Amino acid sequence: MEIRSELRKVSRSGKPTWAVLVATLALTHILLLLSYGRYLLPDGRRLKLPNEHNALMTPSQNALLRNTLAVNVSAAPTGFLENNGSGLRNETEDDEGFVEIVDFESFEDVNDSVIVKEVAGNNESDSLFPLEKNVMQNQVQNVSLQSHQNSVLSGGSSIAAPILENSSLIVTKKVSKKKKKMRCDLPPKTVTTIDEMNRILTRHRRSSRAMRPRWSSRRDEEMLAARKEIENAPVVTIDRELYPPIFRNVSMFKRSYELMERLLKVYVYKEGSRPIFHTPILKGLYASEGWFMKLMEGNKRYTVKDPRRAHLYYMPFGARMLEYTLYVRNSHNRTNLRQFLKEYTEHISSKYPFFNRTGGADHFLVACHDWTRHHMEHCIKALCNADVTAGFKIGRDISLPETYVRAAKNPLRDLGGKPPSQRRILAFYAGSMHGYLRTILLQHWKDKDPDMRIYGRMPLGVASKMNYIDQMKSSKYCLCPKGYEVNSPRVVESIFYECVPVIISDNFVPPFFEVLDWSAFSVIVAEKDIPRLKEILMSIPEEKYVKMQMAVRKAQRHFLWHAEPERYDLFHMVLHSIWNSYNVDSTFVNTGCVTR
């Protein structure tokens, strides 16, 4: 109104008005650019703010917006994800050191640690996350982090977009001349040995979870009967399909697996939109969660359309796509990821009765990382980052093998290795200097001993990749030191190339720990014993090594992905571990409620 009155005065005065009009238009454009232009993406698209349209919408439209998790996913494209059109690459970390890319495993959560590190030498042009790069360029450098209680995005719409300036969650980016080390760059304060892990597993099996269902179900009765059959399984000493030495108890495993094939039914939630949900990545380091998602959602033997017939419930989201969509680079904060998953569980628990019946104890997720915190406390979690110091629960959670798949259309490419007599190299390692441990390994062994082929990053190119594979196929022992996290793709990679894995990672729970005896086909070395590495390996008699290498070949079938799942393969091993966890770890009682 003030501008309009001023224009009238100028027009009555008889003075030229063109200058005033030009100035007004310029001011209007500047204001529009300030409020709108800063959220433009490089390709011209605009980031939508979490509550951007709420003020203009009716109450019913607002309710619909909050319910963004309930979407129809049938129209979304199927198949594995190679490129989503925004520059996403599946190979988030080439652990062999062939491609210069960003490692999200190095980013610390401020809720877990007050130590923050500025990522140095980051080439923004090489970023895998153009969306997040654009957001970070427009953020204030020095801002504070509000408490977790104040970080909940209003209206339940944290699902809509990454965190921006007007969100209630403010991101910290500390810039300091003195770089501080993150937790992943420091040795653990406590160490749980493999013997202690075995004792924890034994104690866990003797007790059962205190969580009881709010009402009983026919499925509970089936699970209770299955448990009794497993406990009284007939003794198996020789089996045509299984190799008993690599199992803790092959008799119980075989009976449990057979009952899973006969009884188990899984309901896969349809809620959730792409790309976070229903978008499997089948190549690179996150292939495990992607392959399981693809095979589980497409499975007709185990899945059911009626959730009332299910024993277990699968929440099909990908940790990689969750991170790509919502994580703000260099923020060292994943509160918005946890908030997103919290809202997801609240949505399915309000729409269905099944989550509330058991508190989520019969629900499971398969992901390389865990950002769920307390709202999924009772769920079964199959996780690559099986770290006992980071909340991994032995006996309940499942250690998910981290598989590095090079070719999505042929996950078995280059499978196999040389026989023991042709393996001339004692030990081999090559890879990036992630975390503190690999630097220690190279300090002690790089160029120190011809029997110990220890390298850093290998040169770029196909020839180097083939040389890396040939070295693994030609080595007796393949070293698997931890990187930023306790898990490493080299464990499965070693088995893939029939090389005995040497796991150097304190507090790491090996994959399928509850059913496999890792002492039969691997060597586990404490981090403090790296200086004695050659002494430890040389002390293993040749006869024992040959038996271990044979066990590696026999265990190999349990760590392979197939386009069409095969009996006892990796898909079935993950599914069995989830079935076994719920069967062994849950309390099935008659609550006095009506059976449904």
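Preceding this paragraph is the structure being described.
Within any chain, residue numbers begin from 1 and follow the written order of that chain's sequence. Local features in a predicted model are, by the rule used here, given only for residues with pLDDT of at least 70; side-chain atom pairs are given and counted only at 80 or more, and totals for whole chains, interfaces and linings are based on all residues. Neither water nor hydrogens contribute to the side-chain values; these are computed over all heavy atoms in the structure.

Caption draft 1: Representation of the overall build of the protein chain in the model. Under the DSSP-based scheme used, a helix requires at least four consecutive residues in state H or I and a strand at least two consecutive residues in state E, with every element numbered from the N terminus. Scanning the protein chain from terminus to terminus reveals 17 helices and 10 strands. Taken across its 596 residues, the protein chain has 53% of its residues classed as buried. Taking all contacts inside the protein chain whose residues are at least 6 apart in sequence as the whole, residues at least 24 apart take part in 75%. Accessible surface computed for the protein chain: about 27,400 Å², of which carbon and sulfur atoms make up 54%. In this scheme, a residue with accessible area under 20% of its type's maximum is buried, one over 50% is exposed, and one in between is partly exposed, where area comes from a 1.4 Å probe on protein chains only. Only heavy atoms enter the contact rule, under which two residues are in contact if any of them lie within 4.5 Å. Using a 1.4 Å probe, the Shrake-Rupley method yields the accessible areas, and only the shown protein chains count as cover for residues.

Caption draft 2: Just the pairing of strand β8 (residues 475-481), in detail. Most of β8 is tucked away: 7 of the 7 residues are buried. As paired strands, strand β6 (residues 425-429) and β8 are joined by 3 bridges and run parallel to one another. For Phe428, the partnering residue across the bridge sits in β8 and is Cys478. Pairs of strands are assigned from DSSP output, requiring at least two bridges between the strands. Pairing geometry for β8 and strand β9 (residues 500-504), over 5 bridges, is parallel. Of the residues in β9, the one forming a bridge with Tyr477 is Val500. Crossover connection from β8 via helix α14 (residues 490-496) to parallel β9: handedness right-handed. Here is how to tell: hold the view so the strands point away, follow the path from the first strand over the helix to the second, and if it runs clockwise the crossover is right-handed.

Caption draft 3: Layout of the packing of aromatic side chains. Two rings from Phe, Tyr or Trp (for Trp, the six-membered ring) form a pair when their centres sit within 6.5 Å of each other. Planes less than 30 degrees apart are called stacked, planes more than 60 degrees apart edge-to-face, and all others tilted. Counted according to the given criterion, the structure contains 26 aromatic pairs. With centroids separated by 6.4 Å and ring planes inclined at 65°, the aromatic side chains of Tyr267 and Tyr313 adopt a geometry described as edge-to-face. Taken together, the residues span a long stretch of sequence, with Tyr267 in strand β1 (residues 266-268) and Tyr313 in strand β2 (residues 312-314) at a distance of 46 residues. No difference in accessibility class separates Tyr267 from Tyr313, as the two residues are buried. Chaining the aromatic ring pairs together yields one cluster made of Tyr267, Tyr269, Tyr313, Tyr352 and Phe354. Note on criteria: charge over ring means Lys NZ or Arg CZ within 6 Å of the ring centre, with the direction from the centre no more than 35 degrees off the ring normal. Here the guanidinium or amino end of Arg248 rests over the ring plane of Phe513, the centre of that ring lying 4.4 Å away. Above the plane of the ring of Tyr327 lies Arg334, whose end atom (NZ or CZ) is 5.0 Å from the centre.

Caption draft 4: Inspection of the packing of helix α9 (residues 319-326) against helix α10 (residues 335-351) at higher detail. Packing of α9 against α10 brings their axes to within 10 Å, and their N-to-C directions diverge by 120°. With respect to α10, the axis of α9 lies oblique. For the element pair α9 and α10, the recorded crossing hand is right-handed. Here α9 contributes Leu322, Glu323 and Leu326 to the contact with α10, which in turn contributes Asn336, Leu337, Phe340 and Leu341. Axis lines are fitted to C-alpha atoms, over the contacting stretch for helices. Their N-to-C directions set the angle, which ranges from 0 to 180 degrees. For classification, angles of less than 35 degrees are called roughly parallel, those exceeding 145 degrees roughly antiparallel, those between 65 and 115 degrees roughly perpendicular, and all remaining angles oblique. Crossings are assigned a handedness: left-handed for a near helix turned anticlockwise from the far helix by less than a right angle, right-handed for a clockwise turn.

Caption draft 5: Layout of the side chain of Glu402. Tracing the sequence through the fold places Glu402 in the loop between β5 (398-399) and β6. Residues scored as charged are limited to Lys and Arg (positive) and Asp and Glu (negative), so that His and the chain ends carry no count. Salt bridge, as used here, is a side-chain nitrogen of Lys or Arg placed within 4 Å of a carboxyl oxygen of Asp or Glu. For the buried Glu402, no salt bridge is present, and the opposite-charge side chain at shortest range is Arg438, 7.8 Å distant.

Caption draft 6: Examining the packing of helix α6 (residues 218-231) against helix α7 (residues 250-263) more closely. Relative orientation of the contacting elements α6 and α7 amounts to 155°, with a least axis distance of 8 Å. Relative to α7, the element α6 lies roughly antiparallel. Of the two possible hands of crossing, α6 and α7 adopt the one that is right-handed. Between α6 and α7, the residues in contact are Glu222, Ala226, Glu229, Ile230 and Glu231 and Met252, Arg255, Ser256, Leu259, Arg262 and Leu263, respectively. Ten residue types, Ala, Val, Leu, Ile, Met, Phe, Trp, Tyr, Cys and Pro, are classed as nonpolar, four, Asp, Glu, Lys and Arg, as charged, and the remainder, Gly among them, as polar. When its residues are assigned to classes, the contact of α6 with α7 shows 5 nonpolar, 1 polar and 5 charged.

Caption draft 7: Structural view of the sheet that holds β9. Overall, parallel pairing links the 5 strands, which are arranged β7-β6-β8-β9-β10 in an open sheet. Both outer strands of the open sheet, β7 (452-454) and β10 (523-524), are each paired with one neighbouring strand and no more. As paired strands, β9 and β10 are joined by 2 bridges and run parallel to one another. Looking at β10, one finds that Val502 is bridged to Val523.

Caption draft 8: Spotlight on the sheet that holds β2. The strand order β1-β2-β3-β4-β5 describes an open sheet built from 5 strands, whose pairing is parallel. In this open sheet, the two edge strands, each paired with only one partner strand, are β1 and β5. Strand contacts of helix α8 (residues 287-297): β1, β2 and β3 (363-367), with the helix running at about 135° to β3, the strand carrying the most contacts.

Caption draft 9: Quick peek at the environment of Ala430. Mapped onto the elements, Ala430 comes out in the loop between β6 and α12 (437-445). Put simply, Ala430 and Arg453 are 23 residues apart on the chain and 8.2 Å apart in space, counted from C-alpha to C-alpha.

Caption draft 10: Expanded view of the pattern of salt bridges. Inspection of every chain in the model, using the stated rule, returns 26 salt bridges. With its nearest N and O atoms 3.6 Å apart, the salt bridge here joins Glu258 to Lys254. Of the two residues, Glu258 and Lys254 both sit in helix α7, 4 residues apart, roughly one turn of that helix. The shortest N-O distance in the salt bridge between Glu377 and Lys393 comes to 3.1 Å. Residue Glu377 is found in the loop between β3 and β4 (380-383), and its partner Lys393 is found in the loop between β4 and β5; the two are separated by 16 residues along the sequence. What makes Glu377 partly exposed here is its relative accessible area of 27%.

Caption draft 11: Just helix α16 (residues 542-555), in detail. A rise of 1.5 Å per residue sets the reference length of α16, with its 14 residues, at 20 Å; its end C-alpha atoms lie 20 Å apart and thus fit the reference within 8%. By the burial criterion, the buried members of α16 are Tyr545, Met548, Gln549, Ala551, Val552 and Ala555. An end-on view of α16 places all buried positions within 160° of arc, on one side of the element. Turned more than 90 degrees away from the buried face of α16, the exposed residues are Glu543 and Lys547. Looking at the packing, one finds that the buried side of α16 touches β8, α14, β9 and β10. Given the number of residues in a helix, its expected span is that number minus one, multiplied by 1.5 Å. Here the arc refers to the directions that run from the helix axis out to each C-beta atom.

Caption draft 12: Here's a closer look at the environment of Ala526. Mapping Ala526 onto the fold places it in the loop between β10 and α15 (533-538). For Ala526, a relative accessible area of 27% gives the class partly exposed. In the structure, Ala526 is positioned 20 residues away from Asp506 in sequence and 6.2 Å away in space, judged by C-alpha atoms.

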